[in-house]
Amino acid sequence: MLKLSDLQVKEVIAVADGRKLGNIADLEIDPDKGKIIALIVYDRGKKGGMFAKAEEMVIYWEQIVTIGTDVILIADQHQSKLFISNN
């Protein structure tokens, strides 16, 4: 069994181009089934200032190729959704 803290230390990497996407910030969970629907990853390319809104990427569970000891490999990050959080 994996804990959120175990997942948060793993780097999320796109298989197609080897690009580092960032680290997991949160999870989206289906409350009825108790299963993870998606990973919420901070967009590594967007560095915000003190008042900037942080951009996050939603990576659906089906996009995960494998979860290794240090990394999480994902397929087709273009299907991921970017959204702006109010952090």
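One can find the structure itself at the top, above this paragraph.
The shown structure was predicted, so the numbers you read here are calculated from the model rather than taken from an experiment.

### A few points about the overall build of the protein
Argument step 1. Across its full length, the protein holds one helix and seven strands.
Argument step 2. Secondary structure elements of the protein occur, N-terminal to C-terminal, as α-β-β-β-β-β-β-β.
Argument step 3. Per-residue burial over the protein gives 32% buried out of 87 residues.
Argument step 4. Taking the contacts inside the protein whose residues are at least 6 apart along the sequence as the reference set, 39% of them involve residues at least 24 apart.

### What about the pairing of strand S5 (residues 64-67)?
Argument step 1. Pairing geometry for S5 and strand S6 (residues 71-74), over three bridges, is antiparallel. Counterpart to Ile 67 in the pairing with S6 is Ile 72.
Argument step 2. With antiparallel pairing between neighbouring strands as the criterion, S5 and S6 make up a hairpin whose turn holds three residues.

### Focus on the environment of Ala 14
Argument step 1. Following the sequence through the fold, Ala 14 ends up in strand S1 (residues 11-14).
Argument step 2. The class for Ala 14 is buried, based on a relative accessible area of 0%.

The rules behind each value
- Residues numbered from 1 in each chain as written.
- Predicted model: local features only at pLDDT ≥ 70, side-chain atom pairs only at ≥ 80, totals over all residues.
- Heavy atoms only, no water.
- Helix = DSSP H or I, 4+ residues; strand = E, 2+ residues; numbered from the N terminus.
- Buried < 20%, exposed > 50% of the residue type's maximum accessible area, 1.4 Å probe, protein only.
- Contact = heavy atoms within 4.5 Å.
- Pairing = 2+ DSSP bridges.

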